[in-house]
Every structure is written in C-alpha cells, then in structure tokens.
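Structure at a glance
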Amino acid sequence: MTARPGAPGRAAVAALQAALAAENSAVYGYGVAGAHLAGARRAAAVRNWVAHQNARDTLTAMLGARGAEPVPAAAAYELPFAVHGAASAVSLAIVLEDRLSAAYLGLVGLSDPALRAFGARGVRAAALRAAAWRGSTLAFPGLDVPAPGQPGPATTGSGATAPASPPPGSPTPSQPGG
Amino acid sequence: MTRDATRRRVLAAGAVTLSLAAAGCRGLAALGTPPRAAPGVAVAGDAIAVEARLIAHYGAVLAAVPALAGTLRPLLAQHHDHLARLRSRLIIAPGSRASHPASPSASPPGGAPVLGSPAAALRYLRDAEDAAAAAQLAHLAAAPPSLAQLLASISASEATHALILDGHRRHR
C-alpha cells in the first residue's frame with residue numbers, strides 16, 4: 001500500500017498512532033499487573049499481555065504501510081495509581097482495556113470502511129477483556145468510561161456516565177529524567 | 001407611511017400566493033425536492049429495531065424465569081440505555097413503529113424460545129446478544145462517523161453481555 005497524503009490519510013495515521021500508544025501502555029501495564037496476580041488471573045494477564053504485543057505489531061505494520069513512523073513505546077509509564085496487590089492489579093488491567101476501547105473507537109470514526117471494521121473488532125476485544133476483569137459490563141465501552149477504580153455504571157445500575165474518552169488516569173509515558 | 005408599507009407587504013403576499021397557486025398547477029415537484037432522510041436515519045432505525053427485539057427477548061425470559069431477574073436486570077437496563085441513546089439521534093414521529101420498542105412484532109428469531117430451565121434461558125439470551133452484536137455492525141460503513149462509533153460501542157457491549165450470560169450459564 002502506498003502512503004496516502006491528505007486529510008483522510010492523516011486522520012487515519014493519527015487514530016492508528018493513538019491505538020498504538022494505548023497498546024504500548026497496555027503491554028507495559030500488564031507486565032506490572034501480572035507480577036501481582038496468581039493462578040488463573042495471572043494466566044489471563046499473560047494471555048492479554050501477548051495479545052497486546054500482537055496488536056502492537058499489527059498497528060506498527062499498518063502505520064508502516066501508510067508511510068508513517070510508528071511512535072515507539074516509552075521506556076516507562078506512569079501508572080494511574082500504585083499497584084501493590086491483586087485488587088489494584090485488576091483495576092489497572094480494567095483501566096488499560098477501557099483506554100483501548102476508546103482508542104479503537106477512534107478508528108471507527110474514520111471514513112475508511114476497512115479501518116472502521118478493524119476498529120470495531122478492537123473495541124470488542126478490549127471490552128470483552130475489561131468485562132472479564134470487572135465481572136460486569138458497560139453500556140457504552142469506549143464512549144462512557146468510568147473513572148479508574150470504579151466498577152462502572154453496570155454494577156450500580158445507576159446509568160450515570162462519565163465523560164467520553166480518554167478515560168482519566170490512564171497510564172501515561174513518564175517524562176524522561178534530567 | 002406605515003400604511004403604504006403594509007400595503008406593499010399585502011401586495012407582495014398576494015404575489016407569493018399567486019406563484020404558489022401556479023406551482024400547484026404543475027404539481028408538488030415544482031416546490032422543490034422534499035427533504036430526504038440523512039444516511040444515518042435508516043441505520044439508526046435498524047439499530048433501534050435490533051434493541052427493541054432484544055428488550056422483548058429479555059421481557060419474555062424474565063416473565064418465564066423470574067429467578068434470573070438478578071442476573072438479567074442490569075443487562076436489560078443497559079439495553080434501555082442503548083435504545084435511549086439511539087433514539088436521541090432521531091426525531092421519531094409519535095405512533096411510528098420505532099416509538100414502540102416492545103411491540104408484539106418483535107418476535108424472537110427462530111420461533112418461541114425454549115425456556116424450560118434457567119440454563120436454556122441464558123443460552124437463548126446469549127445467542128440473541130451475539131446476533132444483535134453482529135447486526136449492529138452490519139451497516140457500520142453506511143453510518144456517519146459518530147453513529148458508527150455508537151454502533152460499535154453498543155455492539156461491543158452486547159458481546160460482553162453474551163460473555164456474562166455464558167458465565168452464569170456455566171456456573172449453574
């Protein structure tokens with residue numbers, strides 16, 4: 001595929017870079033979360049960690065095919081909260097997946113039907129992983145995302161919704177020191 | 001002065017009436033093309049119908065297996081959220097089909113559900129959720145961007161409903 005200049009191509013590259021950034025922070029975050037989990041939950045964290053590495057490679061290739069330079073992962077990421085136990089590890093995994101839902105939904109907003117379909121699959125995959133960690137569901141994954149550490153509207157049934165993406169408190173690349 | 005102005009307006013209004021009458025002789029087409037529905041309207045209408053069917057399925061199951069209420073009510077509430085968000089995209093005429101979500105026409109696919117046991121009811125709803133999740137993506141390419149995002153989000157939500165329903169089914 002050749003590089004596509006023009007606004008649609010630029011929007012696609014920006015959305016793909018956003019998804020890549022979310023995948024990169026998920027790879028880092030699952031590395032942290034997995035260290036605090038055991039048994040079936042650790043196995044799930046490892047499975048998801050591998051899935052996010054694969055997704056990162058896919059997005060990297062898609063950006064390359066568009067003649068864009070994939071933004072590399074940061075060396076370290078600032079976590080939205082301290083993780084030192086299984087409960088906060090699960091909360092982190094939920095934040096990572098919620099952030100991915102929002103990032104992939106950005107691809108659904110593009111005009112290219114193939115990227116829309118790709119984005120929809122990404123939203124679905126992230127929402128499924130988030131629901132598995134939560135044990136409950138959201139009405140609008142990627143659109144209405146609860147604050148970190150909150151179980152979300154599903155459990156309370158309140159129907160209250162948080163502001164749209166990006167979810168607050170997502171892991172952000174640490175500023176390089178010095 | 002003001003009287004003159006009024007007279008001019010009356011005369012002008014008369015001229016408009018005359019031209020409208022002349023247009024009437026040539027049919028409505030002379031008045032211009034009537035506004036057509038935006039591309040998102042049909043897509044949103046289909047999505048509303050999908051949600052309405054799902055809500056009808058939940059209603060049937062809840063009536064037949066009340067013991068599942070604790071599991072099903074939170075999911076059903078989210079379908080009502082889906083429906084409300086989709087409807088907010090449209091101006092729906094009162095009495096139109098889309099304004100009656102749980103109409104009797106919203107019959108389950110493949111005939112009446114087999115609801116003999118909670119497990120069967122959960123499997124039935126899981127399949128309905130899977131079908132709805134796929135249906136919400138059927139017209140993804142035709143939707144305006146923000147509606148496409150809403151449909152993808154709702155579809156993902158329905159996929160997670162199927163996951164949760166399956167989990168409950170297996171733990172029975």
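As a reminder, the structure under discussion sits directly above these lines.
Residues numbered from 1 in each chain as written. Chains lettered and ligands numbered in written order. Predicted model: local features only at pLDDT ≥ 70, side-chain atom pairs only at ≥ 80, totals over all residues. Heavy atoms only, no water.

Now for the packing of helix H4 (residues 113–134) of chain A against helix H5 (residues 145–170) of chain B. Two elements in contact, H4 of chain A and H5 of chain B, have axes separated by 8 Å at closest approach and are oriented at 35°. Pair H4 of chain A / H5 of chain B crosses with right-handed handedness. Contacts from Arg116, Ala120, Val123, Arg124, Ala127, Leu128, Ala131 and Ala132 of chain A in H4 of chain A reach Pro145, Ala148, Ala152, Ala156, Ala159, Thr160, Leu163 and Ile164 of chain B in H5 of chain B. Of the residues in the contact of H4 of chain A with H5 of chain B, the class split is 13 nonpolar, one polar and two charged. (Axes fitted to C-alpha atoms, helices over the stretch in contact; angles between N-to-C directions. Helix = DSSP H or I, 4+ residues; strand = E, 2+ residues; numbered from the N terminus. Left-handed = near helix turned anticlockwise from the far one by under 90°. Contact = heavy atoms within 4.5 Å. Nonpolar A, V, L, I, M, F, W, Y, C, P; charged D, E, K, R; others polar.)

Across all of its chains, the model carries three aromatic pairs over all chains by this definition. The interplanar angle of 35° and the centroid separation of 6.4 Å between the aromatic rings of Tyr30 of chain A and Trp133 of chain A together place this pair among those described as tilted. Taken together, the positions of Tyr30 of chain A in helix H1 (residues 7–34) and Trp133 of chain A in helix H4 put the pair 103 residues apart, joining distant regions of the chain. Each member of the pair Tyr30 of chain A and Trp133 of chain A is classed as buried. Against the face of Phe140 of chain A rests Arg85 of chain B, its NZ or CZ located 4.0 Å from the ring centre. (Phe/Tyr/Trp six-rings, centres within 6.5 Å; stacked < 30°, edge-to-face > 60°. Buried < 20%, exposed > 50% of the residue type's maximum accessible area, 1.4 Å probe, protein only. Lys NZ or Arg CZ within 6 Å of the ring centre and 35° of its normal.)

Below, the discussion takes up the packing of H1 of chain A against helix H2 (residues 39–65) of chain A. The axes of two packed helices give the description: the angle between them and the distance between them. All names here are of chain A. For the pair H1 and H2, interaxial distance at closest approach is 9 Å and the crossing angle is 155°. Of the possible angle classes, the one that applies to H1 and H2 is roughly antiparallel. Remark: the crossing between H1 and H2 carries left-handed chirality. Each of Val13, Leu16, Gln17, Ala19, Leu20, Glu23, Asn24, Ala26, Val27, Tyr30, Gly31 and Gly34 in H1 lies in contact with H2, whose residues at this interface are Arg42, Ala45, Asn48, Trp49, His52, Gln53, Ala55, Arg56, Leu59, Thr60, Met62 and Leu63. Across the contact of H1 with H2, the residue classes break down as 13 nonpolar, eight polar and three charged. (Parallel < 35°, antiparallel > 145°, perpendicular 65-115°, else oblique.)

What follows deals with the interface of chain A and chain B. Taken together, the 26 residues of chain A in the interface contact 26 residues of chain B. Counting each side, the surface lost to burial between chain A and chain B is near 2,000 Å², with a carbon and sulfur contribution of 67%. Taken as a group, Arg116, Thr137 and Phe140 of chain A account for 29% of the area that chain A buries against chain B, more than any other trio of residues on that side. Two residues, Asp144 of chain A and Arg85 of chain B, come together in a salt bridge whose shortest N-O distance is 2.5 Å. Seen at the junction of chain A and chain B, the total is nine residue pairs in polar contact (both at pLDDT 80 or more). Of the residues forming the side of chain A that touches chain B, the biggest block, ten residues, is contributed by H4 of chain A. (Buried area = accessible area lost by both parts, 1.4 Å probe. Salt bridge = Lys/Arg side-chain N within 4 Å of Asp/Glu carboxyl O. Polar contact = N/O pair within 3.5 Å; in protein donor to acceptor, adjacent residues only side chain to side chain.)

Together, Val46, Trp49 and Val50 of chain A line one region of the surface with nonpolar side chains, adding up to about 230 Å² of accessible area. Tracing the backbone through its elements, the reader meets Val46 of chain A in helix H2. (Patch = residues over 30% accessible without salt bridge, like charges linked within 9 Å, V, L, I, M, F, W, Y side chains within 5 Å. Areas by Shrake-Rupley, 256 points an atom, 1.4 Å probe, with all protein chains shown as cover.)

Here we come to the nonpolar core. Counting residues in each nonpolar core, the largest one holds 76 residues, and the members touching the most others are Tyr104 and Trp133 of chain A together with Leu72 of chain B. Among the secondary structure elements, those contributing two or more residues to this core are H1, H2, helix H3 (86–108) and H4 of chain A together with helix H2 (39–64), helix H3 (69–87), helix H4 (118–135) and H5 of chain B. Among the elements that make up this core, the one with the highest residue count is H3 of chain A (twelve residues). Apart from residues lying up to four places away in sequence, Leu72 of chain B is in contact with Tyr58, Val61, Leu62, Leu122, Leu125 and Leu165 of chain B. (Core = buried A, V, L, I, M, F, W, Y, C linked by side-chain atoms within 4.5 Å.)

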